[in-house]
Amino acid sequence: MTEDERLAAIAELLRKADAMPGAPERVALGEHMIEAARVPKRHRETLLKLTPTEITCIRFLGWGRSNGDIATLLLMAENTVRVHLSNVARKLELDGMRELAALAGLLFYPSD
């Protein structure tokens, strides 16, 4: 069995486990369902209060997109994206964009 086949088999087992009763708790962030274990407890309440646009911006940031890419995808100015991300960092009391990018990756980077 190749490495890719092994990884695909493991991913399939994890998907089946998620569908079983007793699967990990999930938290709704906007339209996205995130495993509760990925959401730091100290940020949970604040994340639930973010606007849909702010959540979408951090989702794309978590996927590794640049501000310019996010602006293009959301049909807005790059500076507007920067303002949204700055607002999220301020609301979550983060030290800066690097910490926000790390949190966004934890929340939204695909696990499979």
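Here we summarise the structure given alongside this text. (Residues numbered from 1 in each chain as written. Predicted model: local features only at pLDDT ≥ 70, side-chain atom pairs only at ≥ 80, totals over all residues. Heavy atoms only, no water.)

Thoughts on the nonpolar core
- Ranked by size, the top nonpolar core spans 25 residues in total, and within it Leu47, Ile58, Leu100 and Leu107 carry the most contacts.
- Listing elements by their share of this core, those giving two or more residues are strand E1 (26–29), helix H3 (52–62), helix H4 (67–74), helix H5 (78–91) and helix H6 (97–108). (Core = buried A, V, L, I, M, F, W, Y, C linked by side-chain atoms within 4.5 Å. Buried < 20%, exposed > 50% of the residue type's maximum accessible area, 1.4 Å probe, protein only. Helix = DSSP H or I, 4+ residues; strand = E, 2+ residues; numbered from the N terminus.)

Some words on the side chain of Thr56
- Position of Thr56 among the secondary structure elements: in helix H3.
- A distance of 2.8 Å separates the side chain of Thr56 from the backbone oxygen of Pro52, its partner in a polar contact. (Polar contact = N/O pair within 3.5 Å; in protein donor to acceptor, adjacent residues only side chain to side chain.)

What about the packing of H3 against H5?
- At a closest axis distance of 9 Å, the pairing of H3 and H5 adopts a crossing angle of 95°. The pairing of H3 with H5 is recorded here as roughly perpendicular in orientation. Residues Thr53, Glu54, Cys57, Ile58 and Leu61 of H3 touch H5, and the partners they reach there are Val81, His84, Leu85, Asn87, Val88 and Lys91. (Axes fitted to C-alpha atoms, helices over the stretch in contact; angles between N-to-C directions. Parallel < 35°, antiparallel > 145°, perpendicular 65-115°, else oblique. Contact = heavy atoms within 4.5 Å.)

Remarks on the pattern of salt bridges
- All told, the structure shown has 4 salt bridges when counted by the stated rule.
- Of the charged contacts, one joins Glu99 and Arg42 as a salt bridge, the two residues approaching to 3.6 Å between their closest N and O atoms. Pair noted here: Glu99 is in helix H6 and Arg42 is in helix H2 (residues 41–48), with a separation of 57 residues, a long-range link. (Salt bridge = Lys/Arg side-chain N within 4 Å of Asp/Glu carboxyl O.)

Comments concerning the pairing of E1
- Residue alternation in E1 divides its side chains into a buried set, Val27 and Leu29, and an unburied set, Arg26 and Ala28.
- Pairing of E1 with strand E2 (residues 32–35) involves 4 bridges; the strand directions are antiparallel. Note on E2: the bridge partner recorded for Val27 is Ile34.
- Once E1 ends, the chain turns through 2 residues before running back antiparallel as E2, passing Gly30 with a positive phi of about 65°. (Pairing = 2+ DSSP bridges.)

A short note on H5
- Compared with an ideal rise of 1.5 Å per residue, which puts 14 residues at 20 Å, H5 spans 20 Å between its outermost C-alpha atoms and is within 8% of the ideal.
- Buried residues of H5: Val81, His84, Leu85, Val88 and Ala89, and no others. For H5, the angular spread of the buried residues around the axis is 135°, confining them to a single face.
- Check the buried side of H5 and you find it contacts H3, H4 and H6.
- Glu93 occupies a position one or two residues after H5 and carries a positive phi of about 55°. (Expected span 1.5 Å × (residues − 1). Arc of directions from axis to C-beta.)

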